[in-house]
There are 2 protein chains.
Amino acid sequence: MKLTPKGMRDIGPEDMFIREEAIGRIRQTFQSFGYRPLETPAMEYLETLRAKAGPEVDKQIFVIDGGEYGLRFDLTVPLARYASATDAPKPFKRYAIDVVWRKEEPQRGRFREFYQADVDIVGSLSMRCESELLTIASAICGAFGFPERRILLNNRKILDGIASKLGIGGDAKGEVFRVLDKLDKIGEAEVEKLLGEIVGNEKTGELLSIIRAKGDNRSRLALAAKYSEEGARELGEILALCDFVVEVDLFLVRGLGYYTGPVFEIKLSEGIGTVMAGGRYDGLLGIYGQDAPAVGISVGIERLVTLLAEQKKAILKKTDSRVFVACAKPEFYPYAAQVAAEFRKAGIACETDLNERSLRKQFEYANSLAIPFAAIVGEREKKDKSVTLRDMSGGKEEVLPIQDAISRLLGR
Amino acid sequence: MKLTPKGMRDIGPEDMFIREEAIGRIRQTFQSFGYRPLETPAMEYLETLRAKAGPEVDKQIFVIDGGEYGLRFDLTVPLARYASATDAPKPFKRYAIDVVWRKEEPQRGRFREFYQADVDIVGSLSMRCESELLTIASAICGAFGFPERRILLNNRKILDGIASKLGIGGDAKGEVFRVLDKLDKIGEAEVEKLLGEIVGNEKTGELLSIIRAKGDNRSRLALAAKYSEEGARELGEILALCDFVVEVDLFLVRGLGYYTGPVFEIKLSEGIGTVMAGGRYDGLLGIYGQDAPAVGISVGIERLVTLLAEQKKAILKKTDSRVFVACAKPEFYPYAAQVAAEFRKAGIACETDLNERSLRKQFEYANSLAIPFAAIVGEREKKDKSVTLRDMSGGKEEVLPIQDAISRLLGR
């Protein structure tokens, strides 16, 4: 029988524990800033998805039942659809941590079904929003124990200003941005070559001299202001509100066509690449209903999960069970079940023998899941309302009344 | 622009908080018994789904991209596919709380996309499994504050035994079971009529006289043993291990064709109907790979969420934010952001003004989300590293150093 569909996978218990820890940390950060949860259907009307998807994304949509619906390819379209119709207080600050689907060619570490974790703010034009989103990004890096990160910031208005000054408009502008966006993948030399093919060598030289200009944020913003005063001012406002390092990077585009203002990207190190990215998209909601300004950031959970696992920064476990209640003989199972119930009442996750196996087999099972303790019950234990608590790593055993065993397991 | 697909819906923040609480309680119960999480793709190969789906379910499958894949209609098929190939220690105890999709005609309270919460045990023939699953069901009723519940238990082996004694076999047997399964929907009189059409009035009379027999569990099991000694003995074993009321109900079928042993159903009250159900399906895994015995129970989250909301048994809230940090004037926003950061560091979810609004407008926003406190900052507060803490319900205000405000908010 066939296994999982192409580019998709099962996530077994051990990987789930890491994933849940990652998602838990991200959710907790989102909540601490007052973002509110929203869940939307997995599928949307195809026309809802297509209203935003560019031609690149369009062919990646999984189409359902002949074509009326498609699976969502991101969490921004459903948010825009919802927020353009909601009467929730503004700003509407929402988070969503959920699955999206894209029919891409599967690659190493790239799947057709994956999680995204998004926060978005609908209903505010203030740059306070951008600074809050970068603060959240910074907090998530901290929560994951990744202090080494680069937060890059640019503004579409500046890029637009440069393009317009250089006389790059229409289709050429879109193409130029798409090429710039590929910098990480293809490198600067290739970018230069491709730009030359689109706008000629002279304009390419001018463009690159601007966006590659050396210097600190201040000098880059001064340069940027020549092309878009508003764009540079907005970035200055954001920087003033961030008490951590943010780098103005005039090379940064962010692929999506719908961004209208500041865009940002967080990289963990040169090699690992982007783990979070976002920007302002003030025009998008209007497509779906009532227009409103909006800005958001998306956290790449899959990459963070992989990192957590590789760097062993998550708690690696096979089960929540802290103790296995073992039966010396099958007839003591009712007492074992009773002991397990007492443990659970005290908040201790535990399990008993469901297979009527020998004590040796029960220990083998407990060890296979790395359950740290066994509580063995037999005739004496049943009579005394006690258990023989066994440390599965050292093999040390001690007969204890149930309540004392609970205290021991709780580390009191 | 169109909204959500037919029979599907957005779940806004207020409803999400209730839902998360329900899911959290269920997950916590599953974990306390040592069940381990498994997540599988939303879609499966269509042939994987069809291997289990009866003709009723088949037409409810959402088909993807021309027919290679379909969206899962339950969590049992993916479990069976996974568990028939895994080398995880046995018993493999897994839980899954996830979305499933069925293209049914939408009705009140019935959706085409909904959650299920399942626990299953793969790899044990012992009736300890059934008793553990019923214990979990009972614990979940307790965790939701629903002490009034009926736990009904039957065994497919008994039903098979009765059918065989009465000479009801082949297609007629399946039809008879399907009619019995509709008891809750159509009532006893209609069941009797339909059965008569299938097997004649005489056999219908005999059949009903058996499964409707009055008496306690003991007398019902004694009667059942005449048709399947093994089936009755299994139920006896389960009952002996349950320290709560379980009713043997020979009328209980549970619709699914793949059940092979004990089946069970938990009802909250006559009116509300079934909130959990399950049974043993020892033959299913063999369809997908390596065979193994299996038994599971499914919790109807949607119904529990509705009940929690109706009975106001969940914490009803609009946001996690405990305090809104308000700016007397825009120039104090950097200090407001700093105060908010201190609050978050202390574990207090909070938010600030992202719209550069007047104090009155800020209060309106905080009130619209029922945020209980405001921490107002202005010139004096900034100078003193303090806040003016305002109780939003009574309007009482007090100037406090940040740390004292934190203590107050934490209820110390």
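Computed from a prediction, not measured in an experiment: that's the story for all the values here. (Residues numbered from 1 in each chain as written. Chains lettered and ligands numbered in written order. Predicted model: local features only at pLDDT ≥ 70, side-chain atom pairs only at ≥ 80, totals over all residues. Heavy atoms only, no water.)

**Looking at the interface of chain A and chain B**
Contact residues are listed per partner, giving 84 residues for chain A and 84 residues for chain B. Of the roughly 7,300 Å² buried between chain A and chain B, counting both surfaces, carbon and sulfur atoms make up 56%. Where chain A meets chain B, there are ten salt bridges. For the salt bridge of Arg128(A) with Asp353(B), the shortest nitrogen-to-oxygen distance reads 3.2 Å. (Contact = heavy atoms within 4.5 Å. Buried area = accessible area lost by both parts, 1.4 Å probe. Salt bridge = Lys/Arg side-chain N within 4 Å of Asp/Glu carboxyl O.)

**Some words on the environment of Ala292(A)**
Residue and element names in this part refer to chain A. Mapped onto the fold, Ala 292 is located in the loop between helix 11 (285-288) and strand 11 (294-299). As for Ala 292 and Ala 80, which are separated by 212 residues in sequence, their C-alpha atoms are 9.4 Å apart. In contact with Ala 292, other than residues within four places in its own chain, are Val 122, Asp 282 and Leu 285. (Helix = DSSP H or I, 4+ residues; strand = E, 2+ residues; numbered from the N terminus.)

**With respect to the domain arrangement of chain A**
All names here are of chain A. You can read the domains of chain A as domain 1 (1-143 + 299-315), domain 2 (150-267) and domain 3 (323-409). Spacing between the C-alpha centres of domain 1 and domain 2 amounts to 26 Å. Contacts between domain 1 and domain 2 engage 13 residues on the former and 13 residues on the latter. Both faces considered, domain 1 and domain 2 share a buried interface measuring about 1,200 Å² in area, 83% of it formed by carbon and sulfur atoms. Ranking the residues of domain 1 by area buried against domain 2 places Met 127, Glu 130 and Leu 134 at the top, with a combined share of 49%. For the interface between domain 1 and domain 2, the tally reads zero salt bridges. (Domains from an automatic or database assignment.)

**Notes on the environment of Arg380(B)**
Relative to the helices and strands, Arg380(B) resides in helix 15 (residues 379-384). Spatially, the C-alpha atoms of Arg380(B) and Val399(B) are 9.8 Å apart, while their sequence positions differ by 19 residues.

**Focus on the relation of the copies chain A and chain B**
Between chain A and chain B, the superposition needs a rotation of 180° and an axial shift of 0.0 Å, giving an RMSD of 0.0 Å. Read as a symmetry element, the transformation amounts to a two-fold axis. When C-alpha positions in chain A are compared against the rotation axis, the closest is assigned to Ile64(A), at 2.3 Å. (Least-squares fit on C-alpha atoms with pLDDT ≥ 70 in both.)

**Some thoughts on the sheet that holds strand 13 (residues 350-352) of chain B**
Residues and elements named next belong to chain B. Read from one edge of the open sheet, five strands run 13-12-14-15-16, paired in mixed fashion. Bordering the open sheet on either side are strand 13 and strand 16 (397-401), each of which pairs with just one other strand. The sheet shows a mean angle of 25° between the axes of neighbouring strands, direction not considered. Taken together, the three bridges between strand 12 (residues 323-327) and strand 13 define a ladder with parallel strand orientation. Each residue of the ladder has a partner; that of Val 323, found in strand 13, is Cys 350. Sheet strands in contact with helix 13 (residues 333-345) are strand 12, strand 13, strand 14 (373-377) and strand 15 (386-391), and its direction is about 175° off that of strand 13. (Pairing = 2+ DSSP bridges. Axes fitted to C-alpha atoms, helices over the stretch in contact; angles between N-to-C directions.)

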